[in-house]
Amino acid sequence: MTDVVGQAVLQPAQLAAGGRARRRRAGSGLLAGAAILLVLLACAVVPERIAPYPPHAFDYNALLQPPSWAHPFGTDNFGRDILSRTIWAARIDLQIAIFGTLFPAVFGTFVGALIGYTGGLVDTLFRRLVDLLITVPFLVLVIAIVAALGPGLLNMYIAVSAVSWVFYARLMRAEIIAQKRRDYADAGRVMGYSRARIIFRHLLPNAITPSVIFWMTDMALVILLGSSLGYLGLGAQPPTAEWGVLIADGKNFMTTAWWMSIFPGLAIVFTGVGFSLLGDGIAIRLRRRT
Amino acid sequence: MYLLGILGRRVLQIMATVLLVAVLVFTLMHLLPGDPAQVMLGDRGSTAAIAQLHHDLGLDRSIPVQFWEFLRRIATLNLGESVTMRIPVTQLIVERLPITLLLTTMAALLALLIAVPLAFVAALRQGGWADAVIRGISQLSLSMPVFYIGLILLITLAAGLRWFPVGGIGSGFAQDIYYLFLPGLTLALSLSAILLRNLRSSLIEVLHAEFVGFATAKGLRRRVVLGRHVLRNASISTVTLLGLNISSLVGGAVITETVFGIPGAGRLMVDSIFSRDYAVVQGLTMVLCVLVSVVFLAVDALQALLDPRVAT
Amino acid sequence: MTAPLLSVRNLTVRIGDIKPVEDVSFDVSAGEVLGVVGESGSGKSLMLRAILRLLSHIAQTSGSIAWRGRDLATLAEPEMRALRGGEIAIVFQEPMSALNPVLTIGQQITESLAEHLGLRGRSARSRAAEVLDLVGIPDARRRLSSYPHEFSGGMRQRAMLGIALAAGPKLLLADEPTTALDVTIQDQILKLLLRLRRELSMSVVLVTHDLGIVAETCDRVAVLYSGRMMETGPVETILTRPAHPYTLGLINSVPQAKDARQHLAAIPGTPPDPLELPPGCRFAPRCFLTSPDCTRKQPDLRALDADHATACLYPHAVVRGELSFASR
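Residues numbered from 1 in each chain as written. Chains lettered and ligands numbered in written order. Predicted model: local features only at pLDDT ≥ 70, side-chain atom pairs only at ≥ 80, totals over all residues. Heavy atoms only, no water.

Student: Describe the confidence of the model for chain C, and please don't skip the residues or the numbers.
Tutor: Residue and element names in this part refer to chain C. The predicted model of chain C averages 88 in pLDDT, with 96% of residues at 70 or higher. Across residues 322-328, where pLDDT falls below 50, the model places 15 contacts with residues more than four positions away in sequence or in other chains. On the interface metric, ipTM, the complex scores 0.87, and its pTM is 0.82. (pLDDT = per-residue confidence, 0-100. Contact = heavy atoms within 4.5 Å.)

Structure follows, in structure tokens:
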């Protein structure tokens, strides 16, 4: 058990030994995360090579079969192989991760950098906007927008993008404000560099690290959101295979065919763990440089 | 007192936010395609009947006028009448909100009950296997969608072992707690993972702080050092985090109420969005908003109480 | 001569593969101020913490530490706890980090009073106010409810002293208590320490890197280099007739007030990397007196006379002052 004494007394050389061990573990996390995502990428890009059955293949002779060698994840009420549907669904869910975060990340980071550097009225307005968005539950807002536009993946991307760019902007704004105070920013101003040049070539590269890490986390979160909406019937629409939809398919068969919901859910967990291992690994690598 | 000044400013901020929410909600509702009158009357509605309903509901006035009416009524705490159910919105909210409040409170308490001891164990045995296991499980539950956790709990504990009911609520407070335990636990598991991560790193930071060493060097018992010095300092940021996560608790409540079939305000919100019931959506959002803001206020006050550096 | 209060023999602190403190021995008598001088990295802070057994989970400690005749290694944890703060107290360098920011000064004093003297409630608060008074904080009663950040630097250090001394310990371990303070405040705190020594009949181990402070306040001096004790003796003797080249080097490196422009006589080289220690005497690579004997085996601390000991093989060459770094 750690003593409650405070290790402030240790000299740098003494702490170095501990640090080396931590960095070795971080490296393996990064590899594991990357490996997981590669598996998912494979499932997304070439599912036909990996999945034993096509996703929509009905087999009325094998309804609601428990897991077996023929069907490792069992079958659903239409006789479709759950493993195959889960593999095919990876494509949709990874798309959700990318399209649900790409616009917010790029747009939000860009706007956040500008706001952070400029300040003033724009900054005040932005902070009111942030107040607003942290008060209203994110899910409720997204549901409202999707309900307005109609269910479906594209509308879900629109809904999510419309709201989550603010969080990226907030993060980048805070980072830029912190970087702005550092001496090298003053040096840039003194040398007469244009504002844009200072922001994008000097401040941004230093400020970008938290945003990249956040993006990794956000991708996992967007999959959770997308599958939640899929479960509620607002995201991907059946018969499209998406993990949330697959789980919803199994909702009425919980007691008789638990495998219908459980396995696709494990895929979500698997993906989430992959993203967070990757994110943590990148975080440790990037922080080591600073 | 300086503290009152901060709180006063906060209240004004809240009012501004609530106003903005009103605008947002109003705009969103009126952007929704679909006509509540038509939804209500369905196929039976003749054009004349729909027009009459429009007039009754005040939907035929211009938008600015409708908004003004909306604000005026809010000011007098009259949230209007549900478009689809023809009962006062206030009544609906009073019926359904307490259940959601009970659910979220239980979730918050359970989350603390889970997170605090585990964070301590993880922090005190940092780097050991207990720490790794705790962090691993916490990471796992963060990667699970709320509805999935709910389903697993349903399948195993309710349908399978029959320790808990499968859904709905009971009659009376005590029964409600029993019925809401699984849904509360569902929400608590994700929330506790977030709190755990934060509390663990706060604890680790504080454990290595010089004042903890000084306290031990004074000859204080371990229990006193951990309780009075370590926990108090480490919990400041975690309490704040808990408060900030209120709105995601509400969002999670929406999902959980759906999975467990609970007639709470979350379900009401979703149903009303789908049935284009403007009045309920507006009223409920305003109420939720005010509640969340009050929680933020409480968090600010609590922070100032726990950390005397804030007030200066 | 009465037996020393604190008697440290062959104290060694091991962390992983390195020994930041090795084979250190010294005594502290009642009512005496012992100065421990060394550069950063010399192990002085670890040494103090080792005495109070505060390192048990990050380091292995060996050697004997005798307090009033009892070997501290034999004490069970509850007894050790009673000792800490009750009989031996420690103060740190930076009061802002050493004081809990969310508790009042009063609370931080009374918790010590409760633990060691069983005082609670009103009597505890009274005594706490007395303590603040003793360390020279004006308006003591009211200041009990102040928080650390509401004090100025010097006041904070006084408060920390008050907290440490509340239960009436007989030995104070002071880890560079004035390093983080302005020079004028430094002076006040040192005078306070001397006053407390008198009024509370206390001994003090004062760790510092500043020879000036040593000259003003200490009765005896111990010189630490790279974790080993190089020389111990009365302050007069050490400062005028040092018996170790390192001590001589330290003395010579203090700028003299007389000349406007001087050559700064620093000791050439830097302290050794703890992971790559030189063979034999650790100071040998930088020493002007080395011989092959110096690098063969680490010299032990040897008594020159009753109260002066050195770890140099050629102390008389140093004492005669024939050679000095500045004259090379």
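Student: Could you give me a rundown of a nonpolar patch on the surface, with the residues and numbers involved?
Tutor: A surface patch of nonpolar side chains, about 420 Å² in accessible area, is lined by A:Phe58, A:Tyr60, A:Leu63 and A:Phe78. Overall, A:Phe78 belongs to the partly exposed group, its relative accessible area being 36%. (Patch = residues over 30% accessible without salt bridge, like charges linked within 9 Å, V, L, I, M, F, W, Y side chains within 5 Å. Areas by Shrake-Rupley, 256 points an atom, 1.4 Å probe, with all protein chains shown as cover. Salt bridge = Lys/Arg side-chain N within 4 Å of Asp/Glu carboxyl O. Buried < 20%, exposed > 50% of the residue type's maximum accessible area, 1.4 Å probe, protein only.)

Student: Describe the state of the cysteines, with residues and values.
Tutor: As enumerated under the stated definition, the model contains zero disulfides over all chains in all. Cysteine C:Cys294 remains unbridged, with the sulfur of C:Cys281 as its closest cysteine sulfur at 6.2 Å. (Disulfide = S-S within 2.5 Å.)

Student: I'd love a proper account of the sheet that holds strand β2 (residues 18-28) of chain C, names of residues and values included.
Tutor: Residue and element names in this part refer to chain C. Taking strand neighbours across the sheet as the criterion, the four strands line up as β2-β1-β4-β5 in an open arrangement whose pairing is antiparallel. Sheet topology places β2 and β5 (70-71) at the edges, where each strand pairs with a single neighbour. Two strands pair when backbone bridges link them, and strand β1 (residues 6-15) and strand β4 (residues 60-67) are joined in this way by seven bridges, in the antiparallel orientation. Residue pairing across strands places Val13 opposite Thr61, the latter belonging to β4. (Pairing = 2+ DSSP bridges. Helix = DSSP H or I, 4+ residues; strand = E, 2+ residues; numbered from the N terminus.)

Student: Please set out helix α7 (residues 146-160) of chain B residue by residue, giving values where relevant.
Tutor: All names here are of chain B. Taking 1.5 Å per residue, 15 residues should reach 21 Å; α7 reaches 19 Å between its end C-alpha atoms and fits that length. Within α7, the axis deviates most sharply at Leu154, by approximately 35°. Here α7 lies mainly inside the structure; 12 of its 15 residues are buried. Among all positions in α7, only Val146, Phe147, Tyr148, Ile149, Gly150, Leu151, Leu153, Leu154, Ile155, Leu157, Ala158 and Ala159 are buried. Directly after α7, the chain includes Arg162, whose backbone phi takes a positive value near 60°. (Expected span 1.5 Å × (residues − 1). Bend = angle between axes of the 7 residues up to and from the residue.)

Student: Tell me about the interface of chain A and chain B, and name the residues and values.
Tutor: At the junction of the two partners, chain A supplies 41 residues and chain B supplies 51 residues. On inspection of chain A and its partner chain B, the count reaches zero salt bridges. Counting residues per element, the ones that place at least two in the side of chain A that touches chain B are α4 (120-135), α5 (138-149), α8 (195-232), α9 (243-249) and α10 (259-289) of chain A. Considering each element in turn, the side of chain A that touches chain B owes the most residues, nine residues, to α10(A).

Student: Could you give an account of the environment of B:Thr240, naming the residues involved and the relevant values?
Tutor: All names here are of chain B. In this structure, Thr240 sits in helix α10 (residues 222-244). On the basis of relative accessibility, which here comes to 15%, the residue Thr240 falls in the buried class. Each C-alpha atom of the pair Thr240 and Thr84 lies 39 Å from the other, and the pair is 156 residues apart in sequence. With sequence-adjacent residues up to four places away left out, Thr240 is seen in contact with Val299 and Gln303. Within the structure, Thr240 has its side chain in polar contact with the backbone oxygen of Ile236 (distance 2.8 Å). (Polar contact = N/O pair within 3.5 Å; in protein donor to acceptor, adjacent residues only side chain to side chain.)

Student: Tell me about the sheet that holds strand β11 (residues 302-305) of chain C, residues and numbers included.
Tutor: Residue and element names in this part refer to chain C. Strands sit in the order β6-β7-β8-β3-β9-β10-β12-β11 across an open sheet of eight strands; the sheet is mixed. In the strand order of this sheet, the two ends are held by β6 (88-91) and β11, each with one partner. For this sheet, the mean angle separating the axes of adjacent strands, direction not counted, is 20°. Pairing geometry for strand β7 (residues 171-175) and strand β8 (residues 203-208), over five bridges, is parallel. By the bridge assignment, Leu173 is partnered in β8 with Val205. (Axes fitted to C-alpha atoms, helices over the stretch in contact; angles between N-to-C directions.)

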